[in-house]
Amino acid sequence: MTSRLERITQQRLESLNRIRARGIDPYPHSYHPSQTTQEAIALFERHEEDAQIISLAGRVMANRPMGKMAFLNIRDGSGKIQLCFRHDLLGREKYEFLREIDIGDIIGAEGKLFRTKTGEITLEVSDFTMLCKSLRPLPEKWHGLVDTEKRYRQRYLDLVSSEEVKNIFMLRSQTITAIRNFLNKQGFIEVETPVLQSQAGGALARPFITHHRALDEDLYLRIALELHLKRLIVGGVDKVYEIGRVFRNEGISTKHNPEFTLLECYQAYSDYNDMMNLVEEMVSHIAQEVLGDTKIICNGEAIDISSPWQKLYLQQAIKDYCGIDFEDYPDTASLQSRMLEMGMEVDPSKGRGRLIDELTSTFVEPNFIQPTFLLDYPVEMSPLAKRKPGNDRLVERFEAFINGIEVANAFTELNDPIDQRERFRQQLSERVGDEEVEIADEDFLQALEYGMPPTGGLGIGIDRLIMLLTGQQSVREVILFPQLKTREQK
């Protein structure tokens, strides 16, 4: 039995053949509209008494024939507008050609704008051109794409079907522009660093591995931007940032995608307190810039991201939310034992730092709906951060949380090359065979030996920030093409 899609596709192929039989190219090389739909509407509102002939182009989203008159809606990248086609203005042959236009086709049209009796600004079409014949039907108008996986796999249909989805990605673009403008005005320099690296460093994560044929050696897709940016600090670029894709060979969830967009910035002669001020100022500025407000709604919660943000110490937060004071358990064995006593599942391969990270993500993070800085982490969790004065077991590090999600991570950067080398060595000795371990980068260590000034470093997950600004609960809603398992070919 022939499916509905097959029948529609066949009908459209027959229409395509009829168009070609008329000597018309259904896929012309170019068309140059004089305005976008929204520019045309704005122009008409300013000069309604002096309407001029204009040309527009867009995808047909609705078609309402009414005898010797027809109304079509088209949408371009700026919005939509109504078109009016009249038999007496176009002539019989041109008007009958409207029968070949289906919803989803892309057309160009010229004419003058006017207001209908209901006040809708409409283009009275004096001529029109087929620009692209659509061979497949769009999703139903009132339902759009309801299959979530199909929305992600066929994002182009999702964008065509939903203005809301399109607006999310417009806001994403505006947010990245706002970040760049903010940092540029602060005197930061934007750079690009290698995606393919001989060693994967700058974070604790399992990397993707590829092979370079000409060099005949394995390379890693970067898991962070940090180590190359700090090389630039050594080189005298005192304020530097990068917005780039990073790749981590880990799980997929509503908060994680194997490749994601990360902002990292580094400022010489500063520390994690300066980075806290930068985060507060930048995030609230971005919200004001793209939303017009520093108050957002996430999952029904009203969140105010204007400064100042709440500040808590990690040690006290874990103690408050699960009853464990990690300073009372100075090694892996004692902490494992305490967690087992409390009925928690404990992975015996995890060291003390990763167990504390697990306590944080399980018991602490979900409580931080309003913007919160969590301060001062165990040294085992942060091999690239400087120790806290007066307590060598902690480092000057913070993570920032909003709506229970980590959005920022920052350090007072470690610039002691001897301490840095020892941290790498200690971590490797304690976690043999663990792929999520910081690998000693000899060139980076050599750079530190030339001298890096006191530096504050910051990382912000762009995708998670967009989730917050748009009120989305899944990172897949804010990534145009999220990673999905490849479908088997039938």
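Values in this document were obtained by computation on a predicted structure and should not be read as measured data.

Trainee: Any details on the packing of helix H7 (residues 163–185) against helix H15 (residues 462–470)? Residues and values, ideally.
Mentor: Close contact between H7 and H15 brings their axes to 10 Å; oriented N to C, the two are set at 120 degrees. Taken together, H7 and H15 sit at an angle that is classed as oblique. As H7 runs across H15, the sense of the crossing is right-handed. Facing H7, whose interface residues are Ile168, Leu171, Arg172, Thr175, Ile176 and Ile179, H15 presents Ile462, Asp463, Leu465, Ile466, Leu469 and Thr470. Within the contact of H7 with H15, the residues separate by chemical class into eight nonpolar, two polar and two charged.

Trainee: I'd like a rundown of the confidence of the model for the protein, residues and numbers included.
Mentor: Model confidence for the protein is summarised by a mean pLDDT of 92, while 96% of its residues fall at 70 or above. Of all secondary-structure elements in the protein, the lowest mean pLDDT belongs to helix H13 (residues 417–430), at 85, while strand E6 (residues 189–190) reaches the highest, 98.

Trainee: Residue-level account of the pattern of salt bridges, with values.
Mentor: Considering all chains together, one arrives at 35 salt bridges under this definition. A salt bridge links Glu48 to Arg115; its shortest N-O distance comes to 2.9 Å. Of the two residues, Glu48 sits in the loop between helix H2 (37–46) and strand E1 (54–66) while Arg115 sits in strand E4 (residues 106–115), which places them 67 residues apart along the sequence. According to the relative accessible area criterion, Glu48 is partly exposed, its value standing at 34%. In this structure, Arg86 and Asp88 form a salt bridge, with 2.7 Å as the shortest nitrogen-oxygen distance. The class for Arg86 is partly exposed, based on a relative accessible area of 24%. Overall, Asp88 belongs to the exposed group, its relative accessible area being 59%.

Conventions used here
Residues numbered from 1 in each chain as written. Predicted model: local features only at pLDDT ≥ 70, side-chain atom pairs only at ≥ 80, totals over all residues. Heavy atoms only, no water. Axes fitted to C-alpha atoms, helices over the stretch in contact; angles between N-to-C directions. Helix = DSSP H or I, 4+ residues; strand = E, 2+ residues; numbered from the N terminus. Parallel < 35°, antiparallel > 145°, perpendicular 65-115°, else oblique. Left-handed = near helix turned anticlockwise from the far one by under 90°. Contact = heavy atoms within 4.5 Å. Nonpolar A, V, L, I, M, F, W, Y, C, P; charged D, E, K, R; others polar. pLDDT = per-residue confidence, 0-100. Salt bridge = Lys/Arg side-chain N within 4 Å of Asp/Glu carboxyl O. Buried < 20%, exposed > 50% of the residue type's maximum accessible area, 1.4 Å probe, protein only.

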